[in-house]
Amino acid sequence: MGNSLKAILAFVPSNKCQKYLLEDLEEMPVDKMVDLSGRQMRRLPVHICSFRELVKLYLSDNNLNHLPPELEQLQNLQILALDFNNFKALPPVVCTLKQLCILYLGNNKLCSLPLELRLLQNLKTLWIESNCLQYLPEVVCELSLLKTLHAGSNALRTLPAQLQSLQELRTIWLSGNLLSEFPPVLLDMPFLEVIDVDRNSIRFFPSLAHLPGLKLVIYDHNPCRNAPKVAKGVRRVGRWSEESPEPRKRSGAVIEIPLDQKPLLPPAAKTEPG
């Protein structure tokens, strides 16, 4: 079926058109997963909400800007992908899906997140990259089981102090924001394993050597004059990392070292926790 035809049928509410859009997906899939990514949909076929045992629902790369209230029926849903759509606000019904472990909201038009997000207390992975966030919503700090937070490519200038309450957080991606200093709250999070602040405006890095859990710090493409000090065995990706020394002062001048090639980026594909 052509994408243009799918886009037209997405507007038609008749059962016949809905089933055609779903390509005869009339019964619950054996693997309890439905993938409707990239179908140019402007509305979610309500028929999907009848699959009450559904565990994974992928709606990426469509034209969705709202979801039907019937989605609340999917109380067994653990993975929901809404990235690459047109959401200006998170549909309230998403916050009723209390078994969600992974939520992808990247590449939308979100400027905030609702307080009801705190109801998702099983959430372990949250992707909110490439939105319109000027600040990290404090409600994120109430997701006590969160392990991975991807908030890159927004307009963040700082992080809330409450973030340190997320003691399960292991990985935080903040690349492509407007950070002018290394977020102080991260210095009080000894359990962090991966910190990515690539492509910001940070001019000075404090020592990170006191963070015992740290394994990787990515700080490339910042106008910094020093590399963050780290404990032995921690990998640094950026200027003056392991492969090249920090600049030495000679007669008041600073010898610039070329940027190293960045070998690692945040995961491009969706992954499930092991």
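Per chain, residue numbering runs from 1 following the sequence as it is written. Two thresholds apply to this predicted model, a pLDDT of at least 70 for residue-level local features and 80 or more for giving and counting side-chain atom pairs, whereas whole-chain, interface and lining totals are computed over all residues. Think of the side-chain values as coming from all heavy atoms in the structure, minus any hydrogens and water.

The name an unreviewed UniProt entry gives the chain is LRC10 protein, with Elachura formosa as the organism.

Caption draft 1: Here's a closer look at the sheet that holds strand β1 (residues 33-35). Strand order in the open sheet formed by 10 strands is β1-β2-β3-β4-β5-β6-β7-β8-β9-β10, with parallel pairing between adjacent strands. Looking at strand neighbours, the two that pair on one side only are β1 and β10 (235-237), the edges of this open sheet. Each neighbouring strand pair of the sheet contributes to a mean axis angle of 5 degrees, computed without reference to strand direction. Any two strands with at least two DSSP bridges between them are considered paired. Strands are runs of DSSP state E lasting at least 2 residues, helices are runs of H or I lasting at least 4, and numbering of each runs from the N terminus. The pairing of strand β3 (residues 79-81) with strand β4 (residues 102-104) spans three bridges and is classified as parallel. Bridge pairing in β4 places Ala81 opposite Tyr104. Note on method: axes are straight lines fitted to C-alpha atoms, helices fitted across the in-contact stretch only, with angles between N-to-C directions ranging 0 to 180 degrees.

Caption draft 2: How the structure looks around the pattern of salt bridges. When a carboxyl oxygen of Asp or Glu is within 4 Å of a side-chain nitrogen of Lys or Arg, the pair counts as a salt bridge. Within the structure shown, the criterion is met by four salt bridges. For Glu168, the salt bridge is made with Lys147, and the minimal N-O distance between the two is 3.4 Å. Highlighted residues: Glu168 in the loop between β6 (148-150) and β7 (171-173) and Lys147 in the loop between β5 (125-127) and β6, separated in sequence by 21 residues. Judged by relative accessible area, which is 29%, Glu168 ranks as partly exposed. Across the pair Lys215 and Glu193 runs a salt bridge whose closest N-O atoms are separated by 3.9 Å. Classification of residues uses two cut-offs on accessible area relative to the type maximum, computed with a 1.4 Å probe and protein chains only: under 20% is buried, over 50% is exposed, and between them is partly exposed.

Caption draft 3: Broad picture of the environment of Leu77. As for its placement among the helices and strands, Leu77 is situated in the loop between β2 (56-58) and β3. Accessibility expressed as a relative area gives 0% for Leu77, which makes it buried. Taking the C-alpha atoms as reference points, Leu77 and Cys101, separated by 24 residues in sequence, lie 8.5 Å from one another. Any two residues having at least one pair of non-hydrogen atoms within 4.5 Å are treated as being in contact. Apart from the residues within four sequence positions on either side, Leu77 is in contact with Leu54, Val55, Lys56, Leu57, Leu97, Gln99 and Leu100.

Caption draft 4: Examining the nonpolar core more closely. By nonpolar core is meant a set of buried Ala, Val, Leu, Ile, Met, Phe, Trp, Tyr and Cys residues that side-chain atoms within 4.5 Å join together. Judged by nonpolar contacts, the single largest core of 69 residues is most densely connected at Leu163 and Leu186. Boundaries of every domain are those given by an automatic assignment or by a domain database. Of the residues that make up this core, three or more belong to each of domain 1 (27-104) and domain 2 (133-242). Residue contacts for Leu163: discarding those within four places in its chain leaves Leu136, Cys141, Leu149, Ile172, Val185, Leu186 and Met189. Counting residues in each nonpolar core, the second largest holds seven residues, with Ala81, Cys101, Tyr104 and Trp127 among its members.

Caption draft 5: Broad picture of the environment of Gly106. Structurally, the position occupied by Gly106 is in the loop between β4 and β5. Filtering out sequence-adjacent residues up to four positions away, Gly106 remains in contact with Asp83, Phe84, Trp127, Ile128, Glu129, Ser130 and Asn131.

Caption draft 6: Structural context of the side chain of Arg239. Locating Arg239 in the fold gives a position in the loop between β10 and β11 (249-250). N or O atoms closer than or at 3.5 Å make up a polar contact, with two conditions inside protein: a donor-capable atom paired with an acceptor-capable one, and, for residues adjacent in sequence, both atoms drawn from side chains. A polar atom in the side chain of Arg239 sits 3.0 Å from the backbone oxygen of Cys224.

Caption draft 7: Geometry of the environment of Glu129. Along the chain, Glu129 turns up in the loop between β5 and β6. Judged by relative accessible area, which is 10%, Glu129 ranks as buried. Separated by 19 residues in the primary sequence, Glu129 and Leu110 have C-alpha atoms spaced 9.7 Å apart. Apart from the residues lying within four places of it in its own chain, the contact partners of Glu129 are Gly106, Asn107, His150, Ala151, Gly152 and Asn154.

Caption draft 8: Structural context of the packing of aromatic side chains. Pairing of aromatic side chains here covers Phe, Tyr and the six-membered ring of Trp, requires ring centres within 6.5 Å, and sorts the geometry by plane angle: under 30 degrees stacked, over 60 edge-to-face, intermediate tilted. Evaluated as defined, the whole model comprises three aromatic pairs. Centroid distance Phe205 to Tyr219: 5.4 Å. Interplanar angle 65 degrees. Geometry classified as edge-to-face. In this pair, Phe205 sits in the loop between β8 (194-196) and β9 (216-218) while Tyr219 sits in the loop between β9 and β10, placing the two residues 14 residues apart along the sequence. Just as Phe205 is buried, Tyr219 falls in that class too. Here a set of aromatic residues connected by ring pairs shows up, and it is made of Phe182, Phe205 and Tyr219.

Caption draft 9: Highlighting unusual backbone geometry. Here the phi dihedral of Lys32 falls at roughly 55 degrees; this positive angle occurs in a residue that is not glycine. Among the structural elements, Lys32 can be located in the loop between α2 (15-21) and β1.

Caption draft 10: Seen up close, the side chain of Asp83. In this fold, Asp83 is placed in the loop between β3 and β4. On the basis of relative accessible area, Asp83 is assigned to the buried category, the value being 5%. At 2.6 Å, the side chain of Asp83 forms a polar contact with the side chain of Ser60.

Caption draft 11: Spotlight on the state of the cysteines. To count as a disulfide, a pair of cysteine sulfur atoms needs to be within 2.5 Å. The full count for this structure, using the stated rule, is zero disulfides. Here Cys132 is not cross-linked by a disulfide; its sulfur's nearest cysteine counterpart is in Cys111, at 4.6 Å.

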